[in-house]
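# Breakdown of the fold
Chain residues, written in single-letter form:
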Amino acid sequence: MSSEKMLQVENLTFEYIRRDEEGNVEGIKTAVDGVDLEVNKGEFISILGHNGSGKSTLAKHFNALLFPTEGTVWVDGLNTMDSQNIWDVRQGAGMVFQNPDNQIIGQVVEEDVGFGPENMGIPTEEIWERVEESLKAVGMYEYRKNSPNHLSGGQKQRVSIAGVIAMHPKCIIFDEPTAMLDPNGRKEVIRAARALNEVEGITIILITHYMEEVIYSDKVFVMDKGKITMQGTPREIFSQVDKLKELRLGVPQVTLLAHELQKRGLNIPNGILDRKELINAIKAYRY
Ligand code: ADP
Ligand code: MG
(Lines give C-alpha, C1' and ligand atoms only; values in the text may rest on other atoms or scores of the structure.)
(Ligands and ions follow the chains in the order given, each with its own letter.)
Protein backbone atom coordinates (compact mmCIF):
# COMPACT_ATOMS: atom_id res chain seq x y z
CA MET A 1 0.00 0.00 0.00
CA SER A 2 1.31 3.45 -0.87
CA SER A 3 2.71 5.46 2.01
CA GLU A 4 0.86 8.74 1.41
CA LYS A 5 -2.39 7.04 2.44
CA MET A 6 -3.28 7.17 6.11
CA LEU A 7 -6.34 4.97 5.74
CA GLN A 8 -7.49 2.61 3.04
CA VAL A 9 -10.75 0.77 3.37
CA GLU A 10 -11.74 -1.69 0.69
CA ASN A 11 -15.19 -3.23 0.47
CA LEU A 12 -15.59 -3.25 4.25
CA THR A 13 -18.57 -5.07 5.68
CA PHE A 14 -19.12 -5.59 9.39
CA GLU A 15 -21.86 -7.68 10.97
CA TYR A 16 -22.79 -7.72 14.65
CA ILE A 17 -23.88 -11.25 15.45
CA ARG A 18 -26.25 -11.88 18.35
CA ARG A 19 -26.21 -15.36 19.87
CA ASP A 20 -28.34 -17.13 22.51
CA GLU A 21 -26.85 -18.95 25.54
CA GLU A 22 -26.07 -22.06 23.48
CA GLY A 23 -24.20 -19.96 20.97
CA ASN A 24 -26.80 -20.24 18.22
CA VAL A 25 -27.09 -17.19 16.00
CA GLU A 26 -30.22 -15.23 16.88
CA GLY A 27 -29.73 -12.27 14.63
CA ILE A 28 -27.28 -10.52 12.35
CA LYS A 29 -27.01 -6.75 12.00
CA THR A 30 -25.00 -5.45 9.06
CA ALA A 31 -23.69 -2.19 10.49
CA VAL A 32 -21.18 -1.38 7.73
CA ASP A 33 -22.05 -2.51 4.25
CA GLY A 34 -19.47 -2.54 1.48
CA VAL A 35 -17.62 0.68 2.29
CA ASP A 36 -14.68 1.95 0.23
CA LEU A 37 -12.80 4.94 1.57
CA GLU A 38 -9.38 6.53 1.38
CA VAL A 39 -7.81 9.21 3.53
CA ASN A 40 -4.48 10.81 2.65
CA LYS A 41 -1.93 11.71 5.30
CA GLY A 42 -2.44 15.21 6.61
CA GLU A 43 -6.08 15.44 5.57
CA PHE A 44 -8.94 16.60 7.78
CA ILE A 45 -12.00 14.56 6.92
CA SER A 46 -15.49 14.41 8.41
CA ILE A 47 -18.06 11.66 8.57
CA LEU A 48 -21.73 12.60 8.85
CA GLY A 49 -24.80 10.44 9.25
CA HIS A 50 -27.80 10.08 11.53
CA ASN A 51 -27.85 7.74 14.53
CA GLY A 52 -27.30 4.10 13.69
CA SER A 53 -25.88 4.75 10.22
CA GLY A 54 -22.67 2.88 11.09
CA LYS A 55 -20.20 5.70 11.80
CA SER A 56 -18.84 4.37 15.10
CA THR A 57 -18.61 0.82 13.78
CA LEU A 58 -16.61 2.09 10.81
CA ALA A 59 -14.39 4.23 13.04
CA LYS A 60 -13.58 1.33 15.36
CA HIS A 61 -11.97 -0.43 12.40
CA PHE A 62 -9.48 2.45 12.09
CA ASN A 63 -7.71 1.52 15.30
CA ALA A 64 -8.31 -2.20 15.36
CA LEU A 65 -11.07 -2.20 17.97
CA LEU A 66 -13.17 -4.11 15.41
CA PHE A 67 -12.10 -6.29 12.50
CA PRO A 68 -13.77 -6.70 9.12
CA THR A 69 -16.33 -9.44 8.56
CA GLU A 70 -15.44 -8.90 4.90
CA GLY A 71 -13.04 -6.58 3.14
CA THR A 72 -9.77 -5.00 4.27
CA VAL A 73 -8.63 -2.00 6.31
CA TRP A 74 -5.09 -0.65 6.09
CA VAL A 75 -3.88 1.95 8.58
CA ASP A 76 -0.67 3.61 7.42
CA GLY A 77 -0.17 0.66 5.09
CA LEU A 78 -0.72 -1.95 7.83
CA ASN A 79 -3.49 -4.51 7.41
CA THR A 80 -5.44 -4.48 10.71
CA MET A 81 -6.26 -8.19 10.33
CA ASP A 82 -2.60 -9.08 10.73
CA SER A 83 -2.19 -9.64 14.48
CA GLN A 84 1.43 -8.48 14.36
CA ASN A 85 0.22 -5.02 13.35
CA ILE A 86 -2.32 -4.40 16.12
CA TRP A 87 0.01 -2.55 18.48
CA ASP A 88 1.33 -0.27 15.72
CA VAL A 89 -2.18 0.39 14.43
CA ARG A 90 -3.53 1.29 17.88
CA GLN A 91 -0.60 3.55 18.61
CA GLY A 92 -0.67 5.18 15.18
CA ALA A 93 -4.40 5.91 15.20
CA GLY A 94 -5.69 7.39 18.46
CA MET A 95 -9.34 7.70 19.30
CA VAL A 96 -11.33 10.34 21.19
CA PHE A 97 -14.85 9.38 22.26
CA GLN A 98 -18.02 11.23 23.18
CA ASN A 99 -17.87 11.23 26.95
CA PRO A 100 -14.75 12.81 28.47
CA ASP A 101 -15.64 11.42 31.91
CA ASN A 102 -15.09 7.87 30.66
CA GLN A 103 -11.70 8.71 29.18
CA ILE A 104 -10.02 10.51 32.06
CA ILE A 105 -8.66 8.26 34.78
CA GLY A 106 -5.92 10.31 36.46
CA GLN A 107 -6.40 12.34 39.65
CA VAL A 108 -4.25 15.13 38.26
CA VAL A 109 -4.32 16.41 34.68
CA GLU A 110 -0.63 15.85 33.89
CA GLU A 111 -0.72 12.37 35.36
CA ASP A 112 -3.69 11.45 33.20
CA VAL A 113 -1.97 12.64 30.03
CA GLY A 114 1.12 10.61 30.97
CA PHE A 115 -0.69 7.25 31.22
CA GLY A 116 -0.60 6.46 27.50
CA PRO A 117 3.14 6.98 26.97
CA GLU A 118 3.83 5.25 30.28
CA ASN A 119 1.99 2.15 29.08
CA MET A 120 4.04 2.32 25.90
CA GLY A 121 7.21 2.01 27.97
CA ILE A 122 8.49 5.49 27.16
CA PRO A 123 11.32 6.64 29.48
CA THR A 124 10.16 8.92 32.31
CA GLU A 125 11.99 12.01 31.15
CA GLU A 126 10.44 11.77 27.69
CA ILE A 127 7.00 11.19 29.20
CA TRP A 128 7.20 14.58 30.92
CA GLU A 129 8.29 16.24 27.67
CA ARG A 130 5.36 14.68 25.86
CA VAL A 131 2.90 15.65 28.61
CA GLU A 132 4.08 19.26 28.43
CA GLU A 133 3.96 19.53 24.63
CA SER A 134 0.55 17.76 24.46
CA LEU A 135 -1.06 19.99 27.08
CA LYS A 136 0.35 23.05 25.34
CA ALA A 137 -1.02 21.85 21.99
CA VAL A 138 -4.58 21.85 23.36
CA GLY A 139 -4.15 24.98 25.50
CA MET A 140 -4.43 23.15 28.84
CA TYR A 141 -0.87 23.47 30.15
CA GLU A 142 -1.80 25.93 32.88
CA TYR A 143 -4.23 23.34 34.29
CA ARG A 144 -1.59 20.59 34.54
CA LYS A 145 -1.70 20.44 38.35
CA ASN A 146 -5.49 20.56 38.57
CA SER A 147 -7.91 17.78 39.28
CA PRO A 148 -9.82 16.84 36.10
CA ASN A 149 -13.05 16.75 38.14
CA HIS A 150 -13.13 20.52 38.39
CA LEU A 151 -12.75 21.21 34.67
CA SER A 152 -15.54 22.12 32.24
CA GLY A 153 -16.66 19.55 29.65
CA GLY A 154 -14.65 21.21 26.89
CA GLN A 155 -11.54 21.34 29.08
CA LYS A 156 -11.90 17.68 30.04
CA GLN A 157 -12.26 16.72 26.42
CA ARG A 158 -9.10 18.69 25.60
CA VAL A 159 -7.27 16.78 28.33
CA SER A 160 -8.39 13.48 26.79
CA ILE A 161 -7.14 14.77 23.42
CA ALA A 162 -3.80 15.61 25.03
CA GLY A 163 -3.66 12.04 26.34
CA VAL A 164 -4.02 10.78 22.80
CA ILE A 165 -1.47 13.23 21.37
CA ALA A 166 1.07 12.16 24.00
CA MET A 167 1.21 8.78 22.26
CA HIS A 168 2.36 10.56 19.09
CA PRO A 169 -0.31 9.21 16.75
CA LYS A 170 -0.28 9.93 13.01
CA CYS A 171 -4.03 10.07 12.96
CA ILE A 172 -6.76 10.92 15.48
CA ILE A 173 -10.32 9.69 15.14
CA PHE A 174 -12.85 11.85 16.95
CA ASP A 175 -16.16 10.02 17.45
CA GLU A 176 -18.70 12.76 18.22
CA PRO A 177 -16.28 14.48 20.62
CA THR A 178 -18.56 17.47 21.09
CA ALA A 179 -21.90 15.69 21.54
CA MET A 180 -21.97 16.23 25.30
CA LEU A 181 -20.51 19.75 25.32
CA ASP A 182 -22.02 23.22 25.41
CA PRO A 183 -21.43 25.53 22.41
CA ASN A 184 -18.30 26.97 24.01
CA GLY A 185 -16.83 23.57 24.74
CA ARG A 186 -17.63 22.47 21.19
CA LYS A 187 -15.69 25.40 19.79
CA GLU A 188 -12.68 24.68 22.02
CA VAL A 189 -12.52 21.06 20.91
CA ILE A 190 -12.92 21.80 17.19
CA ARG A 191 -10.29 24.54 17.44
CA ALA A 192 -7.91 22.05 19.07
CA ALA A 193 -8.58 19.46 16.35
CA ARG A 194 -7.95 22.00 13.60
CA ALA A 195 -4.70 23.14 15.21
CA LEU A 196 -3.45 19.56 15.47
CA ASN A 197 -4.13 19.18 11.78
CA GLU A 198 -2.70 22.50 10.63
CA VAL A 199 0.24 22.84 13.01
CA GLU A 200 1.23 19.25 13.75
CA GLY A 201 0.09 17.73 10.44
CA ILE A 202 -1.91 15.02 12.22
CA THR A 203 -4.57 13.38 10.04
CA ILE A 204 -8.02 14.02 11.53
CA ILE A 205 -11.19 11.99 11.13
CA LEU A 206 -14.11 13.85 12.71
CA ILE A 207 -17.43 12.12 13.22
CA THR A 208 -20.10 14.62 14.14
CA HIS A 209 -23.75 15.60 14.15
CA TYR A 210 -23.03 19.29 13.97
CA MET A 211 -22.94 20.59 10.42
CA GLU A 212 -21.07 23.75 11.40
CA GLU A 213 -18.13 21.59 12.47
CA VAL A 214 -17.46 19.98 9.12
CA ILE A 215 -17.01 23.11 6.99
CA TYR A 216 -13.24 23.08 7.66
CA SER A 217 -12.76 19.56 6.32
CA ASP A 218 -10.92 18.69 3.14
CA LYS A 219 -13.55 16.08 2.46
CA VAL A 220 -16.88 14.92 3.89
CA PHE A 221 -18.33 11.41 3.79
CA VAL A 222 -22.04 10.90 4.49
CA MET A 223 -23.20 7.52 5.78
CA ASP A 224 -26.65 6.00 5.60
CA LYS A 225 -27.61 2.41 6.49
CA GLY A 226 -23.98 1.30 6.65
CA LYS A 227 -23.08 2.70 3.23
CA ILE A 228 -21.32 5.85 2.09
CA THR A 229 -24.00 7.69 0.16
CA MET A 230 -22.32 11.03 -0.51
CA GLN A 231 -18.75 12.26 -0.57
CA GLY A 232 -17.14 15.51 -1.57
CA THR A 233 -15.86 18.84 -0.32
CA PRO A 234 -18.07 20.58 2.27
CA ARG A 235 -19.26 22.91 -0.49
CA GLU A 236 -20.20 20.02 -2.78
CA ILE A 237 -22.03 18.28 0.05
CA PHE A 238 -23.87 21.36 1.31
CA SER A 239 -24.97 22.27 -2.19
CA GLN A 240 -27.34 19.31 -1.95
CA VAL A 241 -29.68 20.60 0.72
CA ASP A 242 -32.67 18.51 -0.36
CA LYS A 243 -30.69 15.27 -0.49
CA LEU A 244 -29.31 15.93 2.99
CA LYS A 245 -32.86 16.51 4.25
CA GLU A 246 -33.87 13.12 2.81
CA LEU A 247 -31.01 11.60 4.84
CA ARG A 248 -32.41 13.37 7.93
CA LEU A 249 -29.42 15.67 8.12
CA GLY A 250 -29.40 19.42 8.34
CA VAL A 251 -27.06 21.92 6.80
CA PRO A 252 -25.33 24.89 8.47
CA GLN A 253 -27.85 27.67 9.18
CA VAL A 254 -26.29 30.11 6.70
CA THR A 255 -26.31 27.42 4.01
CA LEU A 256 -30.00 26.86 4.64
CA LEU A 257 -30.77 30.56 4.54
CA ALA A 258 -28.88 30.90 1.24
CA HIS A 259 -30.78 27.91 -0.15
CA GLU A 260 -34.14 29.41 0.84
CA LEU A 261 -33.23 32.76 -0.72
CA GLN A 262 -32.21 30.93 -3.88
CA LYS A 263 -35.50 29.03 -3.97
CA ARG A 264 -37.30 32.37 -3.76
CA GLY A 265 -35.53 33.46 -6.92
CA LEU A 266 -32.35 35.15 -5.74
CA ASN A 267 -29.47 34.24 -8.01
CA ILE A 268 -26.83 33.25 -5.44
CA PRO A 269 -24.47 30.29 -5.68
CA ASN A 270 -24.96 26.84 -4.17
CA GLY A 271 -23.18 25.64 -1.05
CA ILE A 272 -22.64 28.90 0.86
CA LEU A 273 -20.68 27.87 3.97
CA ASP A 274 -20.42 30.90 6.20
CA ARG A 275 -21.88 34.29 6.94
CA LYS A 276 -19.18 36.19 5.06
CA GLU A 277 -19.80 34.23 1.88
CA LEU A 278 -23.53 34.90 2.09
CA ILE A 279 -22.99 38.62 2.63
CA ASN A 280 -20.62 38.78 -0.33
CA ALA A 281 -23.07 36.84 -2.52
CA ILE A 282 -25.86 39.24 -1.61
CA LYS A 283 -23.64 42.29 -2.16
CA ALA A 284 -22.66 40.99 -5.60
CA TYR A 285 -26.31 40.45 -6.46
CA ARG A 286 -27.68 42.72 -9.19
CA TYR A 287 -31.29 43.74 -8.83
P1 ADP B 1 -23.64 5.41 14.56
O2 ADP B 1 -22.32 5.56 15.22
O3 ADP B 1 -23.72 6.02 13.19
O4 ADP B 1 -24.77 5.87 15.42
P5 ADP B 1 -23.25 2.56 15.03
O6 ADP B 1 -22.03 2.15 14.27
O7 ADP B 1 -23.13 2.77 16.47
O8 ADP B 1 -23.89 3.82 14.30
O9 ADP B 1 -24.38 1.46 14.79
C10 ADP B 1 -24.70 0.95 13.52
C11 ADP B 1 -25.76 -0.14 13.67
O12 ADP B 1 -25.19 -1.25 14.39
C13 ADP B 1 -26.98 0.29 14.46
O14 ADP B 1 -28.11 -0.32 13.90
C15 ADP B 1 -26.72 -0.24 15.84
O16 ADP B 1 -27.92 -0.52 16.51
C17 ADP B 1 -25.94 -1.52 15.57
N18 ADP B 1 -24.99 -1.80 16.65
C19 ADP B 1 -24.04 -0.96 17.15
N20 ADP B 1 -23.33 -1.55 18.13
C21 ADP B 1 -23.83 -2.81 18.24
C22 ADP B 1 -23.52 -3.92 19.09
N23 ADP B 1 -22.53 -3.87 19.98
N24 ADP B 1 -24.27 -5.06 18.93
C25 ADP B 1 -25.26 -5.12 18.02
N26 ADP B 1 -25.59 -4.12 17.19
C27 ADP B 1 -24.91 -2.97 17.30
MG1 MG C 1 -21.77 6.54 16.97
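Residues numbered from 1 in each chain as written. Chains lettered and ligands numbered in written order. Predicted model: local features only at pLDDT ≥ 70, side-chain atom pairs only at ≥ 80, totals over all residues. Heavy atoms only, no water.

It is worth spelling out the overall build of the chain at this point. Of regular secondary structure, the chain possesses ten helices and ten strands. Compactness check: the chain gives a C-alpha radius of gyration of 20 Å against a globular reference of 19 Å for 287 residues, within 12% of the reference. For the chain, the spread of C-alpha atoms along the three principal axes comes to 70 × 55 × 40 Å. In the chain, which comprises 287 residues, the proportion classed as buried is 48%. (Helix = DSSP H or I, 4+ residues; strand = E, 2+ residues; numbered from the N terminus. Rg over C-alpha atoms; globule rule 2.2 N^0.38 Å. Buried < 20%, exposed > 50% of the residue type's maximum accessible area, 1.4 Å probe, protein only.)

The next thing to look at is the site of ligand 1. In the vicinity of ligand 1, the residues found are Tyr16, Lys29, Ala31, His50, Asn51, Gly52, Ser53, Gly54, Lys55, Ser56 and Thr57. One of the side-chain N or O atoms of serine 56 is found 2.9 Å from an oxygen atom in ligand 1. Computed on the free molecule, ligand 1 has an accessible area of 560 Å², of which 60% lies beneath the protein chains in the complex. For the shell around ligand 1, the secondary structure elements donating two or more residues are strand S2 (25-40) and helix H1 (55-61). The biggest single contributor to the shell around ligand 1 is H1, with three residues. Among the residues making up the shell around ligand 1, the classes are represented as two nonpolar, seven polar and two charged. (Near = heavy atom within 4 Å. Polar contact = N/O pair within 3.5 Å; in protein donor to acceptor, adjacent residues only side chain to side chain. Areas by Shrake-Rupley, 256 points an atom, 1.4 Å probe, with all protein chains shown as cover. Nonpolar A, V, L, I, M, F, W, Y, C, P; charged D, E, K, R; others polar.)

Turning our attention to the domain arrangement of the chain. Looking at the assigned domains, one finds that the chain contains domain 1 (5-249) and domain 2 (252-287). Computed over C-alpha atoms only, the centres of domain 1 and domain 2 are separated by 33 Å. Contacts between domain 1 and domain 2 engage ten residues on the former and ten residues on the latter. Remark: the boundary between domain 1 and domain 2 carries one salt bridge. Notably, a salt bridge pairs arginine 235 with glutamate 277, separated by 2.9 Å at the nearest N-O pair. There are three residue pairs in polar contact (both at pLDDT 80 or more) connecting domain 1 and domain 2. (Domains from an automatic or database assignment. Contact = heavy atoms within 4.5 Å. Salt bridge = Lys/Arg side-chain N within 4 Å of Asp/Glu carboxyl O.)

Time to look at helix H3 (residues 109-119). Residues of H3 that are buried include every one of Val109, Glu110, Asp112, Val113, Gly114, Gly116 and Pro117, and no others. On the buried face of H3, the contacting elements are helix H4 (124-137) and helix H5 (153-165). A positive backbone phi angle near 80° is found at glycine 121, which sits one or two residues after H3.

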